[in-house]
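As a plain string of letters, each chain reads:
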Amino acid sequence: MPAPTHGAVVVGVGGSAEDLEVVRTAAGEAAAHDRPLHLLHAFNWAAALESFSVSGPRATAEELLEKAGRVAAEAAPGLPVTDEIVEGDPIEGLIRASDSAFLLAVGDGGMAGCASCVPADVPAVQLAARAGCPVLVARIEPPPQGPLLVGFDGSESSRATLAYAFDCAESRGTRLLAVRVTEPSHHSDGGDDGLLDEAVSRYGARHPAVAVECHTIRGDPGAVLLEQSRSAQVTLVGARGDEPLRGMLGAVSQTLLYHSPAPVIVVRGLDPDDEDGS
């Protein structure tokens, strides 16, 4: 029977050094939110059957999970950790686990280091587009100790993202920078001038200890948020502002996912009115 993932931070475990760094990041995130950590490794039975002994690849998978468990214990002593070996494609296994997870953590596959790349086939992109929970895409380089950056456009998706951002900021004990970007051609009738301030006031009331700074800026949303992300310790963005459907990523979330030097959390699968952000 598979290990339960309800409310856990789930991280895929492969054989690369980057995967172990993602485990370390995921363990810290789980500890900050007081959630268990679940290590998941996908086992390729087809490849195993082609080898001289199925026990060899299986033993390798178990060793990977043991090593990942030690990394998690070093990063967050006392953190509850479970592990699981699943059969089949790693992406599909992680997507199934995301349906009952608090957060899914994955490496970026080197995306942030390629300014001209649009790598739709990278696992992080597919997971961010299809998962049933927020997806943390970690970077190879450590981020600066700046604020948490959250983009807001007034949509239901961005409201859920803002609510989740407050929860993350409180868990990390850091300040929040909330940014709303309006297109240069956008002409306000005055009705939405206080849209960001009103939303921050509403969700911030649940987290009075979080210091928050608000800015409404004219410009291209992707470009403005990308520039702001250079000094952020993590950037949070809704999967798709105008149409928050599973299986889709908007232009802004793609821009940040591909090019932000900061870790990015693509927020999806949440209700903006859920009190605990889960």
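Rules used in this analysis
- Residues numbered from 1 in each chain as written.
- Predicted model: local features only at pLDDT ≥ 70, side-chain atom pairs only at ≥ 80, totals over all residues.
- Heavy atoms only, no water.
- Phe/Tyr/Trp six-rings, centres within 6.5 Å; stacked < 30°, edge-to-face > 60°.
- Helix = DSSP H or I, 4+ residues; strand = E, 2+ residues; numbered from the N terminus.
- Buried < 20%, exposed > 50% of the residue type's maximum accessible area, 1.4 Å probe, protein only.
- Contact = heavy atoms within 4.5 Å.
- pLDDT = per-residue confidence, 0-100.
- Salt bridge = Lys/Arg side-chain N within 4 Å of Asp/Glu carboxyl O.
- Pairing = 2+ DSSP bridges.
- Axes fitted to C-alpha atoms, helices over the stretch in contact; angles between N-to-C directions.
- Polar contact = N/O pair within 3.5 Å; in protein donor to acceptor, adjacent residues only side chain to side chain.

Named according to an unreviewed UniProt entry, the chain is Universal stress protein originating from Micromonospora terminaliae.

A. Broad picture of the packing of aromatic side chains. All told, the structure shown has one aromatic pair when counted by the stated rule. Summarising the aromatic geometry, the rings of Phe102 and Tyr164 are spaced 5.9 Å apart at their centres and angled 40 degrees between planes, so their arrangement reads as tilted. Of this pair, Phe102 sits in the loop between helix H4 (90–98) and strand S4 (103–107) while Tyr164 sits in helix H6 (residues 156–172), and the two are 62 residues apart along the sequence. Judged on exposure class, the residue Phe102 and its partner Tyr164 are both buried.

B. Region of the structure containing helix H8 (residues 221–229). Regarding H8, the residues found buried are Pro221, Gly222, Val224, Leu225, Leu226 and Ser229. If you follow the buried residues of H8, they end up packed against strand S6 (148–151), strand S7 (176–182), strand S8 (212–218), strand S9 (234–238) and helix H9 (251–259).

C. Structural context of the environment of Pro80. Examined against the element boundaries, Pro80 turns out to sit in the loop between helix H3 (55–75) and strand S3 (81–87). Sequence-wise, Pro80 and Ala8 are 72 residues apart; in three dimensions their C-alpha atoms are separated by 9.6 Å. Those residues in contact with Pro80 that sit more than four places away from it in its chain are Pro36 and Leu37.

D. Spatial organisation of the confidence of the model for the chain. When the pLDDT values of the chain are averaged, the result is 86; 83% of them are 70 or greater. When the elements of the chain are averaged for pLDDT, helix H2 (residues 45–50) gives the smallest value, 52, and S6 the largest, 97. This stretch, residues 242–246, has a pLDDT under 50; its non-local contacts, to residues over four places away or in other chains, come to 11 contacts.

E. Summary view of the pattern of salt bridges. A full pass over the atoms with the stated rule returns six salt bridges. For the salt bridge of Glu21 with Arg24, the shortest nitrogen-to-oxygen distance reads 3.7 Å. Taken as a pair, Glu21 and Arg24 lie in helix H1 (residues 17–32) at a separation of three residues, close to a single helical turn. On the basis of relative accessibility, which here comes to 32%, the residue Arg24 falls in the partly exposed class. Two residues, Glu92 and Arg130, come together in a salt bridge whose shortest N-O distance is 3.0 Å. Linking Glu92 in helix H4 with Arg130 in helix H5 (residues 123–130), this pair joins segments that are 38 residues apart in sequence.

F. Summary view of the sheet that holds strand S10 (residues 264–267). Pairing is mixed in the open sheet, where 10 strands are placed in the order S3-S2-S1-S4-S5-S10-S9-S6-S7-S8. Looking at strand neighbours, the two that pair on one side only are S3 and S8, the edges of this open sheet. Between one strand and the next, the sheet's axes are offset by a mean angle of 20 degrees, whatever the strand orientation. Sheet topology note: the S7/S8 ladder contains seven bridges and is parallel. Within the sheet, the bridge partner assigned to Leu176 lies in S8 and is Val212. H5 rests against S4, strand S5 (135–138) and S10 of the sheet, and its axis sits at about 160 degrees to S4. Packed onto the sheet, H9 meets S5, S9 and S10 and runs at close to 155 degrees relative to S9.

G. View of the side chain of Ser98. Structurally, Ser98 can be placed in helix H4. Using a relative accessible area of 0% as the deciding quantity, one classes Ser98 as buried. Among the polar contacts made by the side chain of Ser98, one reaches the main-chain carbonyl oxygen of Ile95 at a distance of 2.6 Å.

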